[in-house]
Amino acid sequence: MVFPTLNFLLFYLALWPTAWALVRAGRHNLHKLAIIAASYFFYAFWSWKLAFVLLGSVIFNWGIGRLIGLAKRSALRRAALSLGVAANLALLGFFKYYGWFSEELNALLASLEVGRELPLLEIVLPIGISFYTFQGISYIVDLFRGDLDRPRPLIDVMFFISFFPHLVAGPIVRAASFLPQLERPPDPCRVFVSLGVLLIVWGVFKKAVVANWLAVSLVDKAFFDPQAYGAVDLLAAVYGYAVQIYCDFSAYSDIAIGVAALLGYRFQRNFNQPYRAETLADFWRRWHMSLSSWLRDYLYIPLGGNRHGRIRTYANLLLTMVLGGIWHGAAWKFVIWGALHGGALAAERMASGRNGAAGPPGTRPPWRRALAILLTFHFVCLCWIFFRADNTGRALDVLTALGNWSQPSSLLTPFLASLIAFGLAIQFTSPDLLQQLDRIYHRIPTWAVGVLTGIALLLIEIVGGDSSAPFIYFQF
Amino acid sequence: MPEPVNEPLGTLDLERGMRPSPASTFRTIALNAVLLLLLFNSEGLVQWTQRLPSSPASAWIAERAADWNRMMHVSPAEMFESVRNLLKVEQR
């Protein structure tokens, strides 16, 4: 089930009153069960069989959590944690990477003229597996570290991992921050309704109007056959993809946060105007924040972070980002994307060590800030070429064709150019725009908010592209 | 990688400075918004019913959606005419 569709609207309009009625009736566990059942129904829309993989993952992580909680000796706790993390990674590895690994290995064996081959299996990738596996790891690691005070009952672990707003494309919710919310029922008198409604409408707009139009009319065409287009179209397609992926993925996160907020639950923010970043480290504090902070806390810091000298720090940065790249998918293009980011982060850290006097971002003169934003954005765009292209060969085709300035533009229209400009302009709006809109929301009658919401959705329906196009991050 | 930030995750940052309301206000908002969508985007409802898996229930829903869509295409003049006809019948 995709968020901005009538299917989802009907599903949510049935669930929302049920969930709150159960809270008002004082049936907290039934409230949780209703949301869990709805989450599995939501997931089963793609495949009911693969819902059992999700269920198995939940039960396994709950069991490991019990073992960690019951074990008195630290060696036993560590063994349970290692088993849990290894099994989660094995599950992810099998479904996501077995096909790629076996193909690459068989090609290598064939080139070495070794007669043995790994069997090729047709494996269906369970949607959202990268997200729910990371959340399972978050549960057992948070328990082991003591960030979570005790193992939680199965119903809470099930709710935490399977909760439908974040289930298939994040944000990656952390156990230590989400599970305490399940101890008490949400308060029906204190719900961030304005936040929920604003984020949902804004998310639907970004997805249906900006992302879908750019994808269909510009980016998909240019990346399908880059040699057929000139530099102007390809440059527009690269900028267009930067805007498309932001508007697509941040739209999903906004709708997820809004949908959860209306049910009384809180998620971590996932995007914060990433293209206004002045450095690459700043970019990663603003882009897919739930993944970058997950990688930092569960991978970069356990690897040693910056505690073992400069060389180890650079190596840790590179390794973390390469693994972050591979998390997106089993392909060399994601390895290159991660390595480019990791290498640039290491270089940036090296340079900042040498030029300590330059000062932190935000304290530089305006022209230097503008230049830094421009450079960071263009480096991110360069990396997006590898991320978006079907394979590394196609990415190199795009880079080569970017030198072809003699061919006139055949894709870029004023409408598409204005969408790109809009997508970049929203990076520089006031950071407290939501708060300003909230003040307006509280000044007008609730029925009028409903009418305005309806009008906004109708306008989006008129202007928008195909609203049922899947979100980019569903494939990860 | 960004340096660790001493801020709890699962954060209040989006909600900072925003005022909560009773959950029931969403009911009013949703009702008004859905009503508007039903009135002005009845065509969307028909398209949705066409994508439903075929079954007697789906066929029934599709028929009702088509009826609703026809009703929504009635112009004010047509509506006036039908009221006049209705009154004429009663006068007889």
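Residues numbered from 1 in each chain as written. Chains lettered and ligands numbered in written order. Predicted model: local features only at pLDDT ≥ 70, side-chain atom pairs only at ≥ 80, totals over all residues.

A word on the overall build of chain A. Along chain A, the regular secondary structure elements total 19 helices and zero strands. For chain A, the C-alpha radius of gyration of 23 Å lies close to 23 Å, the compact-globule estimate for 476 residues. Taken over the C-alpha atoms alone, chain A extends approximately 70 × 65 × 50 Å along its principal axes. Scored against the burial criterion, the 476 residues of chain A give a buried share of 44%. (Helix = DSSP H or I, 4+ residues; strand = E, 2+ residues; numbered from the N terminus. Rg over C-alpha atoms; globule rule 2.2 N^0.38 Å. Buried ≥ 20, exposed ≤ 12 C-beta atoms within 10 Å, placed from the backbone.)

It is worth spelling out the interface of chain A and chain B at this point. A common way to report how large an interface is uses the accessible area buried once the components associate. With 49 residues of chain A in contact, the opposing surface of chain B contributes 31 residues. Examining the composition of the side of chain A that touches chain B, we find that 11 residues originate from one element, helix 19 (residues 446-463) of chain A, more than from any other. Of the residues assigned to the side of chain A that touches chain B, the class counts are 28 nonpolar, 12 polar and nine charged. (Contact = placed C-beta atoms within 7 Å. Nonpolar A, V, L, I, M, F, W, Y, C, P; charged D, E, K, R; others polar.)

All names here are of chain A. Per the domain assignment, the segments of chain A are domain 1 (18-182) and domain 2 (193-278 + 361-475). Between domain 1 and domain 2, the C-alpha centre-to-centre distance is 29 Å. Between domain 1 and domain 2, the residue contacts involve 12 residues of the former and 14 residues of the latter. Looking at side-chain class alone, the side of domain 1 that touches domain 2 contains seven nonpolar, four polar and one charged residues. (Domains from an automatic or database assignment.)

This part covers the environment of B:Arg19. Along the chain, the position of B:Arg19 falls in the segment before helix 1 (24-40). Taking the C-alpha atoms as reference points, B:Arg19 and B:Asp67, separated by 48 residues in sequence, lie 42 Å from one another. With residues near it in sequence (within four places) discarded, B:Arg19 still touches A:Asp438 and A:His442.

All right, on to the packing of helix 2 (residues 42-50) of chain B against helix 3 (residues 56-72) of chain B then. Residues and elements named next belong to chain B. Across the interface, helix 2 lies against helix 3 with an axial gap of 9 Å and an inter-helix angle of 165°. When the axis of helix 2 is compared with that of helix 3, the two are roughly antiparallel. Our pair here, helix 2 against helix 3, has a crossing hand that is left-handed. Each of Ser 42, Glu 43, Leu 45, Val 46, Thr 49 and Gln 50 in helix 2 lies in contact with helix 3, whose residues at this interface are Ser 58, Ile 61, Ala 62, Ala 65, Ala 66, Trp 68, Asn 69 and Met 72. When grouped by side-chain class, the residues that make up the contact of helix 2 with helix 3 number eight nonpolar, five polar and one charged. (Axes fitted to C-alpha atoms, helices over the stretch in contact; angles between N-to-C directions. Parallel < 35°, antiparallel > 145°, perpendicular 65-115°, else oblique. Left-handed = near helix turned anticlockwise from the far one by under 90°.)

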